[in-house]
Amino acid sequence: MKKNRLFTTICLMAAILFTACTQDELAEQGNTLPDGEYPLQIGSVSITAESSEEPWTRVAENETDGMGSHWTGGERIGVRIAGSEETGIYIINVDDAGNVTVEPETPVYWKSTQTAEVTAWYPAEASRVSLGSQHMDGLTYVLRGTGTGNHQSPVTLKFEHQLAKLRVVAKGTAEVRDISIWNVPMICYIEEGKITGQDNSTGIIQMLPVEREGIGACWEASVGPGMEIKSFNIENTETVSQIYDLNTPVTTQAGALHTITWTVNNEETTTIDLSNSDYEINGDGTYYFSGTASHAIRVTGGKPNIYLEDAQINVSDGNAIDITGGNPTIHIKGNDNEVSSSGGAGIYVAEGYSVTITSDDKTANSITLTGKGGAGIGGYLASGQHSACGNIIIQNVTVIASSSYSLGMQGYNPGIGGSGNAACGKISITNAIVYAYGSNGPNQGSPAIGAGLDDSMNPGSVPTIQIETSDIYAHRGNYADYIGQSGDRNNSRGDFQFGQEGYCRRSNVYCYTGSSDTLDKTVTYDASGNGTEQSQ
């Protein structure tokens, strides 16, 4: 028994001594981890940006607005853990669903249990980037990211852009082909994602043409931070180049989008001045208006081309665009155009004349036209009499046209068409998107497109209406057709009339009553003009 107790005591003492030795070894080891056993794991990589103007982030540009970004996969990023001199290379992978993962090509390892900052950069191994060929190769990117973590969990890295981004929007009548930034550094030197300097020599950065949602065509390029941008070279489709100087130079900032808008008109373009009075056009030529005005454009002759871009024309009396002679074509640029009258038509075209409203892209260009005492486009009331209107042609553009009724206006008008019981010429709509709102009263109303109605409930005749390959959102007034004839409580309508030689082909008509967004029905017309009501 004494021998057994002695043996047990010896074993316990040995265990105590062994435990003491292990604790001493860990104490001596401190926070140090064994080499090569705890590799850095990266859980996620995101791109953020600080911006002095508008935020923009990207490794590959989002196609719509250019204000977001995504990894495309295959990007190699350099990585370092603070306190270590080792640099790793990690690869970003993106699957078909857009999920992003990161795997090591050359991993780095945690050497301590303490939390530390992790720095990453893109491109991984470059010491300089060239800015000169972005019009062919796409935008140039320099990114630097940071995160904190330890050996026990993956690290999240948030990247920021180190270059600035310039966007040039070209307005005006000229068709711009190329835009270049003039006389700027072409090379930026980088070290681990930081811009360390720029080449002293300067040159031309040809910008990348892109399409951006809400803007349309524009030109973009990445440039170094702290650059002073003074001039651009702009070339039109006729290969005419011109240097444009900024009134105030732009100093670029990392992670910022700097947007510059130029108005570039062809040499023969006349700028319309509505600052103090109405502007009269009595012959051919090209005319341009952009901005806000409370005076009218009056066309009395010729076949002028009138460009409206970001135009806000609002008159209190008379027609906002008054066509009493001639056959103008109105070209719409952009989606910020509004033409309205509080006492007339948005656009009036006299009987025997025509107006054409068009653009180069029906989804990128639109105009809102509002009449009161007149149609959005068409006839109007003057001196107690409704004036007959001429031909209305709408092609390859989005048009929102409406008319409203109020006491004293003596009649009802469609969004597009005749005023009161006066006549209207042919209405032609081709490859367009049209939202039309007829005026609405408690006991009568007018169609979205077609004939008006006077206060004695005498309707005008249905004009020839020809619709081809278009989408029509027709909001009728009470008792009226959606397209065609006005109506009243004694002559309730609700169908489609296209007049003599009229038709609707390869088009959809979405039918509503009043300003409600509740769809009454949808009618689809085939190539032969046969309409089929779609199930709701």
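Everything numeric in this text was worked out from a predicted model, so none of it was measured.

Mind showing me how you'd approach the overall build of the chain here?
Secondary structure summary: the chain contains two helices and 50 strands in total. Here the chain, with 536 residues, has 49% of them falling under the buried criterion. Once local pairs closer than 6 in sequence are excluded, the contacts in the chain between residues at least 24 apart make up 65%. Roughly 24400 Å² of accessible area belongs to the chain as shown, and the carbon and sulfur atoms make up 44% of that amount.

Even after reading the chapter, I still don't get the pairing of strand β5 (residues 76-81), so can you show me in this structure?
Each regular strand shows side chains that alternate between the opposite faces of the sheet. Where β5 and strand β6 (residues 88-94) come together, four bridges link them in antiparallel fashion. Considered in β6, the bridge of Arg 76 is made with Ile 91. Once β5 ends, the chain turns through six residues before running back antiparallel as β6, passing Gly 83 with a positive phi of about 90°. Here β5 pairs with strand β8 (residues 116-122) via four bridges, running antiparallel. Within the sheet, the bridge partner assigned to Val 79 lies in β8 and is Ala 120.

What exactly am I supposed to notice about the environment of Ser 127 here?
In this fold, Ser 127 is placed in the loop between β8 and β9 (128-130). In this structure the C-alpha to C-alpha distance between Ser 127 and Gly 193, which are 66 residues apart in sequence, comes to 9.0 Å. Those residues in contact with Ser 127 that sit more than four places away from it in its chain are Cys 188, Tyr 189 and Ile 190.

How should the pattern of salt bridges be read in this particular structure?
Side-chain pairing between opposite charges can occur once the charged atoms of the two side chains come close. The full count for this structure, using the stated rule, is 16 salt bridges. Among the salt bridges present, the one from Glu 86 reaches Lys 111, with a minimum N-O distance of 3.4 Å. You can see Glu 86 sitting in the loop between β5 and β6 and its partner Lys 111 sitting in the loop between β7 (100-106) and β8, a full 25 residues away along the chain. Given a relative accessible area of 35%, Glu 86 falls into the partly exposed group.

Explain the packing of aromatic side chains here, please?
The description of an aromatic ring pair uses the distance of the two centres, along with the angle that the planes make with each other. Within this structure, the stated rule accounts for eleven aromatic pairs. Measuring from centroid to centroid gives 6.5 Å for Phe 496 and Phe 498, while their planes differ by 10°, and the two rings are stacked. In terms of burial, Phe 496 and Phe 498 fall into one category: buried. Counting every residue linked through ring pairs, the aromatic cluster contains Tyr 482, Phe 496, Phe 498 and Tyr 525. We note Arg 476 situated over the ring of Tyr 482; from NZ or CZ to the ring centre the distance is 4.8 Å. When the ring centre of Tyr 503 is taken as reference, the NZ or CZ atom of Arg 505 above it lies at 3.6 Å.

Where do I start with a nonpolar patch on the surface in this structure?
Taken together, the side chains of Trp 182, Ile 204 and Ile 243 present a nonpolar region at the surface, about 240 Å² in accessible area. Secondary-structure assignment places Trp 182 in strand β13 (residues 176-185).

How do you make sense of the confidence of the model for the chain when you look at a structure like this?
Atomic detail in the predicted coordinates should be set aside for any region of low pLDDT. On average, residues of the chain score 88 in pLDDT, and 88% of them reach the 70 mark or higher. Predicted confidence for residues 1-29 stays below pLDDT 50, and this span has one contact to residues more than four positions away or in other chains. Note on residues 49-58: pLDDT is under 50 here. Beyond four places in sequence and across chains, it has 46 contacts.

How should the sheet that holds strand β23 (residues 279-281) be read in this particular structure?
Paired through their backbone hydrogen bonds, the strands of a sheet run either parallel or antiparallel. Ordered in space as β23-β25-β27-β30-β33-β38-β42-β45, the eight strands form an open sheet in which the pairing is parallel. The two strands at the open ends of the sheet, each matched to only one other strand, are β23 and β45 (483-484). One ladder, built from two bridges, connects strand β42 (residues 449-450) with β45; its direction is parallel. Across the sheet, residue Gly 450 finds its bridge partner in β45, namely Gly 484.

For this particular structure, what's the right way to read the sheet that holds strand β14 (residues 187-191)?
Read from one edge of the open sheet, three strands run β9-β14-β15, paired in antiparallel fashion. Only two strands of the sheet have a single partner each, and these edge strands are β9 and β15 (194-198). Taken over all neighbouring pairs, the strand axes of this sheet differ in orientation by 35° on average, direction set aside. Pairing between β14 and β15: four bridges, direction antiparallel. What sits directly across from Tyr 189, in β15, is Gly 197.

Each value, and the rule that gives it
Residues numbered from 1 in each chain as written. Predicted model: local features only at pLDDT ≥ 70, side-chain atom pairs only at ≥ 80, totals over all residues. Heavy atoms only, no water. Helix = DSSP H or I, 4+ residues; strand = E, 2+ residues; numbered from the N terminus. Buried < 20%, exposed > 50% of the residue type's maximum accessible area, 1.4 Å probe, protein only. Contact = heavy atoms within 4.5 Å. Areas by Shrake-Rupley, 256 points an atom, 1.4 Å probe, with all protein chains shown as cover. Pairing = 2+ DSSP bridges. Salt bridge = Lys/Arg side-chain N within 4 Å of Asp/Glu carboxyl O. Phe/Tyr/Trp six-rings, centres within 6.5 Å; stacked < 30°, edge-to-face > 60°. Lys NZ or Arg CZ within 6 Å of the ring centre and 35° of its normal. Patch = residues over 30% accessible without salt bridge, like charges linked within 9 Å, V, L, I, M, F, W, Y side chains within 5 Å. pLDDT = per-residue confidence, 0-100. Axes fitted to C-alpha atoms, helices over the stretch in contact; angles between N-to-C directions.

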